[in-house]
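Examination of the molecular architecture
Next come the chains, spelled out residue by residue.
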Amino acid sequence: VALYKSVPTRLLSRAWGRLNQVELPTWLRKPVYSLYIWTFGVNMKEAAVEDLHHYRNLSEFFRRKLKPQARPVCCLHSVISPSDGKILNFGQVKNCEVEQVKGVTYSLESFLGPRISREELRFSQAPSGNSFQQQLVTKEGNELYHCVIYLAPGDYHCFHSPTDWRVSHRRHFPGSLMSVNPGVARWIKELFCHNERVVLTGDWKHGFFSLTAVGATNVGSIRIYFDQDLHTNSPCYSKGSYNDFSFISNNNKEGIPMRKGEHLGEFNLGSTIVLIFEAPKDFKFQLKAGQKIRFGEALGSL
């Protein structure tokens, strides 16, 4: 593990990013993309543009958009999958620990970082002696839930809003860019806490809600569409540092309203989305661990 952590994954990811931006000759595009499609099982019939010659470079191909009818958004359930991918884990958060894969956990506080001011999130006051997990729960009788979705290289790489909510804060953690493949996640404890990630926090009708985009090898670029100040995988950073940005201001007291299914951001290649949110005790996931899921399908409901 120590040897793997010493690999310059950030440098390699920036080099890969530059390679992806190189425009391919028209005659080379179809054989290169066809090899990628065959290797990772990409379904190009869902793509908004099926013609491979349209994509000037690998980056454009990775971030291809889908046909509008390819991913219908479920209206019957309150929380939908924000992306295509594989369900690694889900359930209630217990003892301030969250499972990245079965049996391998990470600290909730290390992952999200210190509490943000209640003035920004407009949360009710909770006793300071409570655990970090209890401080996130704003309504009596509610529980904290989590869901981890792994995006493989062949998946659709945009992610969307999983519910109707308001984003009030962004926290960016520079960090490593180790692989988040489930096989790697099984043997590196707190992998998600080591990797670069963008944590969006806010609230929905039941209280606290957060969506975290976790970077990975060759996925140094995480883009949030409404956040033009975000720049990921910079050459220099301080280990353990993070930077905050509030979307609540004198002119915008509500933050950024997001509708269920609305475009939120994108990765280059594949990575992981982690949802951590508050909901009543009768919230039920409609999932099985290890199942494939597509954007717009139900995660759970009351």
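Everything quoted here is computed from the prediction, not taken from an experiment.

1. Looking at the sheet that holds strand S6 (residues 158-160)
With antiparallel pairing, the three strands of this open sheet are ordered in space as S6-S13-S10. Of all the strands in the sheet, the pair left with one neighbour each is S6 and strand S10 (222-224). With direction set aside, neighbouring strand axes in the sheet form an average angle of 20°.

2. Regarding the pattern of salt bridges
Under the criterion given, the structure shown has 15 salt bridges. Residues Glu 46 and Arg 71 are paired through a salt bridge, measuring 3.0 Å at the closest nitrogen-oxygen approach. Here Glu 46 is found in the loop between helix H3 (26-40) and helix H4 (58-62), whereas its partner Arg 71 is found in the loop between H4 and strand S1 (79-80), with 25 residues between them in sequence. A salt bridge links Asp 227 to Arg 170, with the shortest nitrogen-to-oxygen separation between them at 2.6 Å. With Asp 227 in the loop between S10 and strand S11 (243-246) and Arg 170 in strand S7 (residues 165-173), the pair connects residues that are 57 residues apart, well separated along the chain. Overlapping salt bridges bring together Glu 46, Arg 71, Asp 84 and Arg 294 as one network.

3. Some points on the sheet that holds S1
The three strands are arranged S1-S17-S15 in an open sheet whose pairing can be described as antiparallel. Edge strands, defined here as strands with exactly one partner in the open sheet, are S1 and strand S15 (284-285). The sheet contact formed by S15 and strand S17 (residues 298-301) spans two bridges and is antiparallel. From the neighbouring strand, Phe 285 faces S17, where its bridge partner is Gly 300.

Basis of the calculations
- As a convention, each chain's residues are numbered from 1 in the sequence order in which they are written.
- Restriction of local features to residues with pLDDT of at least 70 applies here, the model being predicted, together with a cutoff of 80 or more for giving and counting side-chain atom pairs; totals for whole chains, interfaces and linings are based on all residues.
- No hydrogens and no water enter the side-chain calculation; it runs on all heavy atoms of the structure.
- By the convention used here, strands pair only if DSSP detects at least 2 bridges between them.
- Strands here mean DSSP runs of E at least two residues long; helices mean DSSP runs of H or I at least four residues long; both are numbered from the N terminus.
- Helix axes are fitted to C-alpha atoms over the stretch in contact, other axes to C-alpha atoms as well, and angles between N-to-C directions run from 0 to 180 degrees.
- Salt bridge criterion: a side-chain nitrogen from Lys or Arg within 4 Å of a carboxyl oxygen from Asp or Glu.

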